[in-house]
Amino acid sequence: MSNLTVAPHERGVLRLFSLDMRTEEAKFLREPGAADQILGVSGLDPAQIDVFPVSDLEDLGLFGYLNDGCGVSADQLNRTMLEAIEGWVMVLRSAAFDGQGADLKPDPRVHLVGLYTEETTNWTGGKIETESAKPFSAPQTLLEDPKPRRIGSAVLALVILLVVGGVLWLIL
C-alpha cells in the first residue's frame with residue numbers, strides 16, 4: 001500500500017504535501033471542492049484540510065506545527081527536511097475521507113512530503129490497589145427516619161382546598 005492510498009476507516013494519519021503553484025492557486029485550494037480536484041478524489045471534508053504558507057508559522061515552523069499542533073511524535077519528523085520546505089503546504093487529515101478508502105492521484109504540482117501518524121491516548125492502565133478503589137468501601141449510611149414525611153402532600157392538599165374554596169366563594 002502506498003502513501004497515496006487511504007485505507008477505509010483510516011484514523012489519525014496526516015499527509016503533508018508541498019504545493020508548487022502560485023499564491024492565488026494555493027489560496028483557491030481553501031475553497032470547498034478545490035482540494036478534491038487537485039488530489040483526484042471527491043467528497044473530502046474541507047474542515048480537515050489545512051492550506052497555508054509556511055511563512056505563516058513564523059518561529060514555530062512545520063516541525064513545531066506537526067509536533068505541537070497536530071500531535072505527531074518528534075521521532076517521525078525530520079527537522080532538517082521540514083525546515084527546508086518553503087512556499088505553500090497542504091495538510092490532509094484522514095478524517096477528511098469520512099471513513100472511506102481512496103487512491104489519491106495528485107496534480108503534478110502537488111508533492112507528498114510525508115505521511116505521519118498522530119499520537120493516540122493510551123487508555124490502558126494497571127489495577128488500582130488503594131483501599132478506596134475496592135467495591136463497597138464507602139461507609140454505609142442509613143436514613144435517620146425510615147418513615148417518609150408527608151408534609152409536602154399535606155401542604156399541597158391545603159392549597160388546593162383554599163383555591164377551590166376561593167373559586168366557589170367568588171361564584172356564589
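Read on for a plain summary of the structure. Model, not experiment: these values are computed from the prediction. (Residues numbered from 1 in each chain as written. Predicted model: local features only at pLDDT ≥ 70, side-chain atom pairs only at ≥ 80, totals over all residues. Heavy atoms only, no water.)

## Focus on the overall build of the chain
When you go through the chain residue by residue, the secondary structure sums to five helices and six strands. Counting from the amino terminus, helix and strand elements in the chain follow one another as β-β-α-α-β-α-α-β-β-β-α. A globule of 172 residues ought to have a C-alpha radius of gyration of about 16 Å, yet the chain, at 31 Å, is considerably larger. Once the C-alpha set of the chain is aligned to its principal axes, its extents read approximately 90 × 60 × 35 Å. Residues classed as buried in the chain amount to 30% of the 172 residues present. (Helix = DSSP H or I, 4+ residues; strand = E, 2+ residues; numbered from the N terminus. Rg over C-alpha atoms; globule rule 2.2 N^0.38 Å. Buried < 20%, exposed > 50% of the residue type's maximum accessible area, 1.4 Å probe, protein only.)

## A short note on the side chain of S73
Inspection of the secondary structure assignment puts S73 in the loop between α3 (61-69) and α4 (79-84). Residue classification places S73 among the buried residues on the basis of a relative accessible area of 12%. In terms of polar contacts, S73 uses its side chain to reach the side chain of D75, at 2.4 Å. Look past the residues within four positions of S73 in its chain and what remains in contact with it is N67, T117 and E119. (Polar contact = N/O pair within 3.5 Å; in protein donor to acceptor, adjacent residues only side chain to side chain. Contact = heavy atoms within 4.5 Å.)

## Quick look at the sheet that holds strand β3 (residues 49-53)
The strand order β3-β4-β2-β6 describes an open sheet built from four strands, whose pairing is antiparallel. The open sheet terminates on both sides in strands that have one partner only, identified here as β3 and β6 (110-117). This sheet shows a mean twist of 20° between the axes of neighbouring strands, independent of strand direction. The pairing of β3 with strand β4 (residues 88-93) spans five bridges and is antiparallel. Paired with F52 across the two strands is V89, which belongs to β4. (Pairing = 2+ DSSP bridges. Axes fitted to C-alpha atoms, helices over the stretch in contact; angles between N-to-C directions.)

## Remarks on the environment of F28
Relative to the helices and strands, F28 resides in helix α1 (residues 23-28). For the pair formed by F28 and V51, sequence separation is 23 residues and the distance between their alpha carbons is 9.3 Å.

## Focus on α3
In an α-helix, one turn spans 3.6 residues; hence positions three or four apart end up facing the same way. For α3, the complete set of buried residues consists of G61, L62, F63, G64, Y65 and L66. Positioned one or two residues after α3, G71 has a phi angle of 80°, which is positive.

## Details of the packing of aromatic side chains
Each pair of aromatic rings is reported with the distance of its centres and the angle of its planes. Enumeration over the complete set of coordinates arrives at one aromatic pair. One residue, R79, lies across the ring of F63, its end atom 3.8 Å from the ring centre. (Phe/Tyr/Trp six-rings, centres within 6.5 Å; stacked < 30°, edge-to-face > 60°. Lys NZ or Arg CZ within 6 Å of the ring centre and 35° of its normal.)

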